[in-house]
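# Remarks on the overall topology
Single-letter residue listing:
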Amino acid sequence: MARESIRNKVTITEIARQAGVSVPTVSRVVNGRSDVSPKTRARIEDLLRHHNYRRKASAPVDRAALIDLVFNDLDSPWAVEIIRGVEDIAHAAGVGTVVSAIHGASGSARQWMTNLRARASDGVILVTSVLEPRLHEELRRLGVPLVVIDPAGSMTLDAPTVGATNWAGGMAATEHLLGLGHRRIGFVAGPPRLLCSRARLDGYRAALEGAGVEVDDALIVPGDFYHQAGFGGCNALLDLAEPPTALFAASDQMALGAIEALRRRGLRVPEDMSVVGFDDLPAVRWSAPPLTTVRQPLADMGKLATRTVLRLALGEEPASPRVELATELVVRASTAAPAV
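Not measured: the values here are computed from a predicted model.

We now examine the packing of aromatic side chains. Applying the stated criterion to the full structure yields 2 aromatic pairs. Between phenylalanine 187 and tyrosine 204, the ring centres sit 4.9 Å apart and the planes meet at 25 degrees, which makes this aromatic pair stacked. One end of the pair, phenylalanine 187, is in strand E6 (residues 185-188); the other, tyrosine 204, is in helix H9 (residues 195-210), with 17 residues separating them in the sequence. The exposure class of tyrosine 204 is buried, given its relative accessible area of 0%. Measuring from centroid to centroid gives 5.1 Å for phenylalanine 187 and phenylalanine 248, while their planes differ by 65 degrees, and the two rings are edge-to-face. Here phenylalanine 187, found in strand E6, pairs with phenylalanine 248, found in strand E8 (residues 246-249); they are 61 residues apart in sequence, far enough to count as distant. Taking the relative accessible area as the measure of exposure, phenylalanine 187 reaches 0% and is therefore buried. Feature note: the residues Phe187, Tyr204 and Phe248 constitute an aromatic cluster, connected by ring pairs.

Listed below in structure tokens is the structure:
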């Protein structure tokens, strides 16, 4: 009897910590599942033998494999594209996806963590969100791997990241407008807390400086990636004594908001002002006029993040700790040379 109590004294969580894998990976080995790499399986089995661990008779023989996909908010078509990419890979791997929004609030994040512990997730994909250090440490303690898409702020989380070439995209959009002859180019920025926002602004500045055009801070207005910010930002630029002849918005939604602001003032795109967005959401090819934008591969970012978190869940190393997928300028009818 004493021997039996010693045998199961070690927990699966401790085995996972010693093996350097997630708790679900140890659970797979204990339950005889085949979806664990031979090298990882051998390491876990050695530890299980060393600790003389035996699965309790009452324990379930298996459970559904799950990954958590966490956003700040879900009220954007941008989020839908990420979800589509994640779901494609997760479905092919036989893994379920739990989508959550934590709304940037610590209370929501703590409730999400409580739910995560209850469902024993295989991994977490965090999208442009911030986790409190305490919650990140809890993920590490549970052995749940983490991958971050578009990290927010300085990247302090010890986790692989997936993003896009935002600086190059910002530069390409601005160079396109410069090439058409525009010299006063307004910019509606994204949230400054996000690295991707700051990179797009830096690309805009770099393109102007490279063309010998002085950066005018009066032409840079704040935004938050949503329609209303584009609408308000465009109106602010139009109210300047010398308005810009072109506008680059750091998201497609803000670009569409800017186009609506121009329409309400009786101005035409691109005859009175050229407009460029960023994202290439499906809807913008049907806007009036179709929007010139910078395509970032949102679905592909979701796919890569999912492949990476599944590799981590199996105890394997990621192909790269930081990946940036290429952006591409897509020229449509919302840009033209400035009116003479």
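Bringing the environment of aspartate 158 into the picture now. For aspartate 158, the position within the fold is in the loop between strand E4 (146-149) and strand E5 (161-164). The class for aspartate 158 is exposed, based on a relative accessible area of 66%. Sequence separation between aspartate 158 and proline 321 is 163 residues; the distance between their C-alpha atoms is 9.4 Å. With residues up to four places along the chain from it excluded, the contact list for aspartate 158 reads His136 and Arg140.

Where strand E9 (residues 274-279) meets strand E10 (residues 292-295), 4 bridges bridge the pair, whose relative direction is parallel. When the bridges of E10 are listed, aspartate 279 appears paired with arginine 295. With 3 bridges connecting them, E10 and strand E12 (residues 328-330) associate as antiparallel partners. Bridged to valine 294 within E12 is leucine 329.

This structure, assessed with the given rule, holds 17 salt bridges. The residue glutamate 45 makes a salt bridge to arginine 41 at a minimum N-O spacing of 4.0 Å. Placement of the pair is glutamate 45 and arginine 41 together in helix H4 (residues 38-50), with a separation of 4 residues, close to one helical turn. Across the salt bridge formed by arginine 265 and aspartate 239, the nearest N and O atoms sit 2.9 Å from each other. With arginine 265 in the loop between helix H11 (252-264) and E9 and aspartate 239 in the loop between helix H10 (227-238) and E8, the pair connects residues that are 26 residues apart, well separated along the chain.

Turning to its location among the elements, aspartate 150 is positioned in the loop between E4 and E5. No salt bridge forms around the buried aspartate 150; measuring N to O, its nearest opposite-charge neighbour arginine 200 is 4.8 Å away. Non-local contacts of aspartate 150, meaning those with residues more than four positions away in its chain, are made with Trp78, Thr128, Val162, Gly163, Ala164, Asn166, Cys196, Gln296 and Met301.

Moving on: the sheet that holds strand E3 (residues 123-127). Spatially, 6 strands are ordered E2-E1-E3-E4-E5-E11 in an open sheet, and the strand pairing comes out parallel. Looking at strand neighbours, the two that pair on one side only are strand E2 (96-101) and strand E11 (322-325), the edges of this open sheet. Strand-to-strand, the axes of this sheet are offset by a mean angle of 20 degrees, without reference to chain direction. Where E4 lies against E5, 2 bridges are found, and the strand directions are parallel. In the strand pairing of E5, isoleucine 149 is matched with valine 162. Against the sheet, helix H5 (residues 77-92) contacts strand E1 (66-71), E2, E3 and E4, and its axis sits at roughly 170 degrees relative to E1.

An α-helical turn contains 3.6 residues, so a residue and the one three or four places further along point in the same direction. An ideal rise of 1.5 Å per residue puts 22 Å on 16 residues; H9 measures up with 22 Å between its terminal C-alpha atoms. Looking at the packing, one finds that the buried side of H9 touches helix H8 (166-179), E6, strand E7 (220-221), E8 and E9. Where H9 ends, the next residue or the one after it, glycine 212, has phi of about 75 degrees, a positive value.

A few words now on the side chain of glutamate 81. One can find glutamate 81 in helix H5. Of note is the side chain of glutamate 81, whose polar atom sits 2.6 Å from the side chain of arginine 84. Aside from chain neighbours lying at most four places away, what touches glutamate 81 is Leu281, Pro282, Leu298 and Ala299.

What follows concerns the confidence of the model for the protein chain. Mean pLDDT over the protein chain works out to 88, with 91% of the residues at or above the 70 mark. Here residues 57-63 is modelled with pLDDT under 50, and outside its nearest four sequence neighbours on either side it reaches 11 contacts, counting other chains as well.

Cut-offs and rules
Residues numbered from 1 in each chain as written. Predicted model: local features only at pLDDT ≥ 70, side-chain atom pairs only at ≥ 80, totals over all residues. Heavy atoms only, no water. Phe/Tyr/Trp six-rings, centres within 6.5 Å; stacked < 30°, edge-to-face > 60°. Helix = DSSP H or I, 4+ residues; strand = E, 2+ residues; numbered from the N terminus. Buried < 20%, exposed > 50% of the residue type's maximum accessible area, 1.4 Å probe, protein only. Contact = heavy atoms within 4.5 Å. Pairing = 2+ DSSP bridges. Salt bridge = Lys/Arg side-chain N within 4 Å of Asp/Glu carboxyl O. Lys, Arg positive; Asp, Glu negative; His and termini not counted. Axes fitted to C-alpha atoms, helices over the stretch in contact; angles between N-to-C directions. Expected span 1.5 Å × (residues − 1). Polar contact = N/O pair within 3.5 Å; in protein donor to acceptor, adjacent residues only side chain to side chain. pLDDT = per-residue confidence, 0-100.

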